[in-house]
Amino acid sequence: MATTEGLQQAARGSRWRLLDGAGSGAERLRLAHSGVRKGAELTVLSRTGGGGGVVAVGTYRLALDRAGLGRLRVEPLG
Amino acid sequence: MTRTVPAPSCHGDAPAAVLGGLPTVALVGSPNSGKSTLFNSLTGRSRTVGNWPGTTVEVGRARWQAGDAELELLDLPGASSLDGESPDEQLTRQLLRDVPDLQRPDLCVVVADAAHLARGLYLVAELREETGRVVVALTMRDVAASRGIEIDVDALGRALGATVVPIDPRQRQVEGLATACREALAAPRPPARSVSPLADDDEFAAAEERLSWVDAATGTAVRAGDGAVRTLSDKVDRWATSPVAGPLLFLAVMWAVFQVTTTVAAPLQNLLGSLFSGPVTSLVQGAFGLVGLRGSALDLFVVNGLVAGVGMLLTFVPLMALVFTLLALLEDSGYMARGAVVTDRLMRRIGLPGKAFLPLVVGFGCNVPAISATRIMGDARHRLMTALLVPFTSCSARLTVYVLLSATFFPDHAGSAVFVLYLMSILVVVGVGLGLRSTLWRSVGGERLVLDLPPYQRPTLHVTVAVAKMRVVAFLREATGLIVATVAAVWALQAVPVRGGASFGHVAPADSLFAAVCRAVAVVFAPLGFGDWHTTGALLTGFVAKEAVISSWAQTYAAADPTAGLAPDQLQSAVSGAFHASSGGATSAAVWAFLVFLLAYTPCVATLGAQRREIGLRWTAFSVALSLGVAYVLALAVFQVGRLL
């Protein structure tokens, strides 16, 4: 299955599986606490200004900016 | 046993009491898990609560009567783990882990959001690596249930090795927590959970081990719903956080808040004003007449100082109560977190992370807790820059002056005028931020935005009322503390004559020492269109606290006619005349220049105290110079350009 470097272009409603955590250090841990871990399923719920977006991870809802979305290595689901 | 914890902010929280000797229970948990609401519910105290992260940035401390046991309850800053980098997270780690064992709390109550259980339980995994007592308080079960999450509380407790108590502090349903805490405190410390040996410096492996432990615990006790199902919050957020509709909605909401505030509060304000200038003044004067002190220095101080100054200020209580209630509704509903998303791009432009929005929004209520709230940012340069920008956010104390002048000079558009001032405040924050970034902070870069969006919730009456009440009380504390001191100082200076033929306490206001000092300073404000000594006096006293601006006006104009009180319309008329005279007829330009100066210059001495504590004396001095410089330049530009239009 094709992998995608980042969700910055992902359409609203699209679903993805995280192949690798984003960033390093504190940011990676922070995301892991919110369920953004390897294997997690992500759904892009909406797009925000500047290319960011709101992502559903389980019951969490996270707002990420464009750079944050771009660092998520994912593969499409469904 | 006595512990040293930072005292809570003076604006909003009572001073920390010394409660040594009682068993200590610490409330810990992720930001926005409901700790402060629980703290308020258990202790009856009013810490700031809201449905957005970073509400608690200092340690709350109060006595908790847990059934037949008396306990000391601590409300620690929000932390998802003990490895956080921001000062508030470090403070939590310091109090829970870095201090010697004997100084740690006797029991940790981990407040865990049932809808985001894994995050809350990470802290349990960390705490259970040692032998401390832990109780888990499960909040937000209604939200979890709406998302199809079912939790077997007993099974979860067994898996965690800690008692799990479902509670709902927003509805004051906290039964069971006191019993669980008493039982946990009576029991011996539980053994630490077994952890596979890891390399000491392998932070990620340790985190992964804890997350896996949490997964194992929740796997047996939690039936998760389908997270991909769109909730009502998701549907609303599609618009509330969208690139175009989001900012427009944000502006519309803020405009509505100030429009409603000025429209609804005005009649109540007039009523209270008439009460103070009429019956209250007559009553006080009558009382002085009865004891033969009518016309004495004390009579003039009480009537022209306290009744005129503080009384005029108290007329703004309905206004403040209304604006605080509306903002509390927005906070409790969860909308404010969306504001951080909408303004993230703006924050990034000035080199700050979206998180900086939170202290800046707090600053629109009061600058003092806003300065403390900068601690939620991990980067020291971001904290410093935000602490320098907070004084430019238009605090609620300035609102009283905005309303008075808007009602005087723009009676048909008072709400819109106030709204414009708030927009200007935002523009000043952005402008100064850009200026700082292009000069002193060239290398600073914004953190990436990673912000939790809590689900929207119906605001509860008691939470909204508690928050609004706490802020009104803080406002009144200003009125009865700094303001009375300022009124007394102004009165004393007004009582000292600088010309012959008058004695102490019997001098025309224009011939007093206060007027002489203000006249000397007023020269500086002449190019700005408000070089009148009354206006200058109001600005000088406003340096102590912005609430004192109106009391100073009321006091100096009331002293001009010591035989009667000063009704609001009389004060407005006097102020209007002063602006007209000092501006050479360009009244509107002078009023706008004055409002812009007021908006931008140093907010109050309490804010300076908070700044000194957070960023040191040198940067505080820089902040004063910066705000005075910005205020002067902007006001000069407004008046000089405005008079040509």
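Here is a short report on the structure shown in this document. Quick caveat: nothing in here was measured; it's all calculated off a predicted structure.

To continue, consider the overall build of chain A. Broken down by element type, chain A carries two helices and six strands. Reading chain A from its N end, one meets helices and strands in the order β-β-α-β-β-β-α-β. Sequence-distant contacts in chain A: of pairs separated by 6 or more residues, those separated by 24 or more amount to 59%. Element-wise, carbon and sulfur atoms account for 48% of the exposed surface of chain A, whose accessible area totals about 3,000 Å².

With that settled, the discussion passes to the pairing of strand β1 (residues 24-29) of chain B. Residue and element names in this part refer to chain B. Taken across its six residues, β1 has six buried, putting it largely inside the fold. Burial along β1 is two-sided: the residues Thr 24, Ala 26 and Val 28 and Val 25, Leu 27 and Gly 29 are all buried. Pairing geometry for β1 and strand β4 (residues 107-113), over five bridges, is parallel. Its bridge partner lying in β4, Val 28 is registered against Val 110.

Here we take up the interface of chain B and chain A. With 40 residues of chain B at the interface, the matching set in chain A holds 35 residues. Here chain B packs against chain A, burying approximately 3,100 Å² in sum over the two surfaces, 54% of which is carbon and sulfur. Between chain B and chain A we count four salt bridges in total. Here Asp 215 of chain B ties to Arg 37 of chain A by a salt bridge, and the two come within 2.9 Å at their closest N and O atoms. At the surface where chain B touches chain A, the tally comes to eight residue pairs in polar contact (both at pLDDT 80 or more). Considering each element in turn, the side of chain B that touches chain A owes the most residues, seven residues, to helix α7 (residues 203-221) of chain B. Among the residues making up the side of chain B that touches chain A, the classes are represented as 16 nonpolar, eight polar and 16 charged. Bridging between strand β5 (residues 60-64) of chain A and strand β9 (residues 450-452) of chain B involves three bridges; their strand directions are antiparallel.

All names here are of chain A. Looking at chain direction, strand β2 (residues 15-20) and strand β3 (residues 41-47) are connected through three bridges and run antiparallel. Residue pairing in the sheet places Trp 16 in a bridge with Leu 42 of β3. Sheet analysis places β2 next to strand β6 (residues 73-76), joined by four bridges and oriented antiparallel. Considered in β6, the bridge of Trp 16 is made with Pro 76.

Before going further, it helps to spend a moment on the sheet that holds β4 of chain B. Residues and elements named next belong to chain B. If you trace the six strands from one edge of the open sheet to the other, you get β2-β3-β1-β4-β5-β7, paired in mixed fashion. Of all the strands in the sheet, the pair left with one neighbour each is β2 (60-66) and β7 (163-166). Each strand axis lies, on average, 30° off the axis of its neighbour in the sheet, ignoring direction. Relative to strand β5 (residues 133-139), β4 is paired through seven bridges, and the arrangement is parallel. Counted as the bridge partner of Asp 113 is Thr 139 from β5. Set on the sheet, helix α3 (residues 117-127) makes contact with β1, β4 and β5; between it and β4 the angle comes to about 160°.

With phi around 55°, Met 140 of chain B is a residue other than glycine that occupies positive phi space. In this fold, Met 140 of chain B is placed in the loop between β5 and α4 (141-146).

Once that is clear, we can look at helix α25 (residues 587-600) of chain B. All names here are of chain B. End to end, α25 covers 20 Å across 14 residues, agreeing with the expected 20 Å (1.5 Å per residue, within 8%). Of all 14 residues in α25, 12 are buried; the element is thus mostly enclosed. Within α25 the residues assigned to the buried category are Thr 587, Ala 589, Ala 590, Val 591, Ala 593, Phe 594, Leu 595, Val 596, Phe 597, Leu 598, Leu 599 and Ala 600.

So, on to helix α17 (residues 396-409) of chain B. Side chains three or four residues apart in an α-helix point the same way, a direct result of the helix having 3.6 residues per turn. All names here are of chain B. Its 14 residues give α17 an end-to-end C-alpha distance of 20 Å, which sits within 8% of 20 Å, the value for a rise of 1.5 Å per residue. The buried fraction of α17 amounts to 12 of the 14 residues, a majority that puts the element mostly inside the structure. Looking only at α17, the buried set comprises Ser 396, Ala 397, Arg 398, Leu 399, Thr 400, Val 401, Tyr 402, Val 403, Leu 404, Leu 405, Ser 406 and Phe 409.

Attention now goes to the packing of aromatic side chains. Residues and elements named next belong to chain B. Scanning the entire structure with this criterion turns up 15 aromatic pairs over all chains. A centroid spacing of 6.2 Å and a plane angle of 75° characterise the contact between Phe 514 and Trp 533, whose relative ring orientation is edge-to-face. Of this pair, Phe 514 sits in helix α21 (residues 513-525) while Trp 533 sits in helix α22 (residues 533-542), placing them 19 residues apart in sequence. Judged by its relative accessible area of 5%, Phe 514 is buried. We classify Trp 533 as buried; its relative accessible area is 8%. Note on Phe 530 and Phe 594: the rings are 5.3 Å apart at their centroids and 90° apart in plane angle, and the pair reads as edge-to-face. One end of the pair, Phe 530, is in the loop between α21 and α22; the other, Phe 594, is in helix α25, with 64 residues separating them in the sequence. The exposure classification of Phe 530 matches that of Phe 594, with both residues buried. Taken together, the ring pairs in this structure connect Phe 409, Phe 410, Phe 525, Phe 530, Trp 553, Phe 579, Trp 592, Phe 594, Phe 597 and Tyr 601 into an aromatic cluster.

Reading guide: rules and limits
- Every chain begins its residue count from 1, and numbering advances along the sequence as written.
- Each chain takes a letter, starting from A, and each ligand takes a number, starting from 1, following the order in which they are written.
- Selection of residues for local features in this predicted model requires a pLDDT of at least 70, selection of side-chain atom pairs for listing and counting requires 80 or more, and totals for whole chains, interfaces and linings are taken over all residues.
- For the side-chain quantities, the full set of heavy atoms in the structure was used; hydrogens and water were omitted.
- In this text, helices come from DSSP runs of H or I with a minimum length of four residues, and strands from runs of E with a minimum of two, each type numbered from the N-terminal end.
- Any pair of residues with heavy atoms lying within 4.5 Å of one another is described as a contacting pair.
- The Shrake-Rupley method, run with a 1.4 Å probe, gives the accessible areas here. Residue values count only the displayed protein chains as cover.
- Residue exposure (1.4 Å probe, protein chains only): buried if accessible area is under 20% of the type maximum, exposed if over 50%, otherwise partly exposed.
- Any two strands with at least two DSSP bridges between them are considered paired.
- Note on terms: buried area is the combined drop in 1.4 Å-probe accessible area of two parts once they are placed together, counting the loss on both.
- Put simply, a salt bridge is a Lys or Arg side-chain nitrogen that is within 4 Å of an Asp or Glu carboxyl oxygen.
- Polar contacts, as counted here, are pairs of nitrogen or oxygen atoms within 3.5 Å of one another; within protein the pair requires one atom able to donate a hydrogen and one able to accept it, and residues that are adjacent in sequence qualify only if both atoms are side-chain atoms.
- Ten residue types, Ala, Val, Leu, Ile, Met, Phe, Trp, Tyr, Cys and Pro, are classed as nonpolar, four, Asp, Glu, Lys and Arg, as charged, and the remainder, Gly among them, as polar.
- Where helices are involved, their axes are fitted lines through C-alpha atoms of the stretch in contact, as for all axes, and angles between N-to-C directions lie from 0 to 180°.
- Any helix carries an expected span of 1.5 Å times its number of residues minus one.
- Only rings of Phe, Tyr and Trp enter the pairing, Trp through its six-membered ring, and a pair is recorded when the two centres are within 6.5 Å. The plane angle decides the type: under 30 degrees is stacked, over 60 is edge-to-face, the rest tilted.

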